[in-house]
Amino acid sequence: MYAQPRVPAVSRLSVPTPAAADPTHQADPASEFDLLHSGWYSTEELAALLKVDPSTLRRWRSATPPQGPPFVQIAPRLYLYSIPDTQLWLAQKRTDPSEAA
């Protein structure tokens, strides 16, 4: 069993989200929030939150075309995921059965 990454006691998901919770919203997400100060997840932190193995995120990043949440490559082996981008990606993946009728 591998150790879970340490996630701070203050939830990183408590940052204000853009109006992107509405799946019909088409504006550029980067223009709606401050990427530099909105918080970031490492590959290991995001994998733990999504309950997937970190290799899954690596596979999504290296797929052609890339899959998964938007990411930023900081260094050759360092990738970060912005919290608002991740929330937007999850909102776009959400399926509401009551709307599928």
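Note that this is a predicted model, so its numbers are computed, not measured. (Residues numbered from 1 in each chain as written. Predicted model: local features only at pLDDT ≥ 70, side-chain atom pairs only at ≥ 80, totals over all residues. Heavy atoms only, no water.)

1. Comments concerning helix H3 (residues 83-93)
Part 1 of the reasoning: For H3, the full list of buried residues reads Ile83, Pro84, Asp85, Thr86, Gln87, Leu88 and Trp89.
Part 2 of the reasoning: Looking at the buried residues of H3, the elements they touch are strand S1 (40-42), helix H1 (43-50), helix H2 (54-62) and strand S3 (78-82). (Buried < 20%, exposed > 50% of the residue type's maximum accessible area, 1.4 Å probe, protein only. Helix = DSSP H or I, 4+ residues; strand = E, 2+ residues; numbered from the N terminus. Contact = heavy atoms within 4.5 Å.)

2. A look at the sheet that holds strand S2 (residues 72-75)
In a beta sheet, neighbouring strands are held together by backbone hydrogen bonds and run either parallel or antiparallel to one another.
Part 1 of the reasoning: The three strands are arranged S1-S3-S2 in an open sheet whose pairing can be described as antiparallel. Two strands close off the open sheet at either side, each with one partner strand: S1 and S2. Each strand axis lies, on average, 40 degrees off the axis of its neighbour in the sheet, ignoring direction.
Part 2 of the reasoning: Across three bridges, S2 lies against S3 in antiparallel orientation. Following the sheet pairing, valine 72 is matched in S3 by leucine 80.
Part 3 of the reasoning: Running at roughly 65 degrees to S3, H3 makes contact with S1 and S3 of the sheet. (Pairing = 2+ DSSP bridges. Axes fitted to C-alpha atoms, helices over the stretch in contact; angles between N-to-C directions.)

3. Here's the deal with unusual backbone geometry
Part 1 of the reasoning: Of note, the amide linkage connecting threonine 64 to proline 65 takes the cis form, showing an omega dihedral of -5 degrees.
Part 2 of the reasoning: Relative to the elements of secondary structure, proline 65 occurs in the loop between H2 and S2.
Part 3 of the reasoning: Positioned with a positive phi, lysine 51 is a non-glycine residue whose angle comes to about 60 degrees.
Part 4 of the reasoning: Owing to a relative accessible area of 73%, lysine 51 belongs among the exposed residues under this scheme.

4. With respect to the confidence of the model for the protein
Part 1 of the reasoning: In this model, the protein carries a mean pLDDT of 79, and residues with pLDDT of at least 70 account for 67%.
Part 2 of the reasoning: Low confidence marks residues 8-21, where pLDDT is under 50. Its contacts with residues over four positions away, or in another chain, come to 21 contacts. (pLDDT = per-residue confidence, 0-100.)

5. Some words on the nonpolar core
Part 1 of the reasoning: One finds Tyr41, Leu46, Ala47, Leu57, Trp60, Tyr81, Ile83 and Trp89 forming the largest nonpolar core, which totals eight residues.
Part 2 of the reasoning: Looking at this core, the elements with two or more residues in it are H1, H2 and H3. (Core = buried A, V, L, I, M, F, W, Y, C linked by side-chain atoms within 4.5 Å.)

6. Regarding the environment of tyrosine 81
Part 1 of the reasoning: With respect to the helices and strands, tyrosine 81 occurs in strand S3.
Part 2 of the reasoning: By relative accessible area, tyrosine 81 is classed as buried at 1%.
Part 3 of the reasoning: For tyrosine 81 and threonine 43, which are 38 residues apart along the polypeptide, the C-alpha to C-alpha distance reads 7.4 Å.
Part 4 of the reasoning: In terms of polar contacts, tyrosine 81 uses its side chain to reach the side chain of arginine 61, at 2.9 Å. (Polar contact = N/O pair within 3.5 Å; in protein donor to acceptor, adjacent residues only side chain to side chain.)

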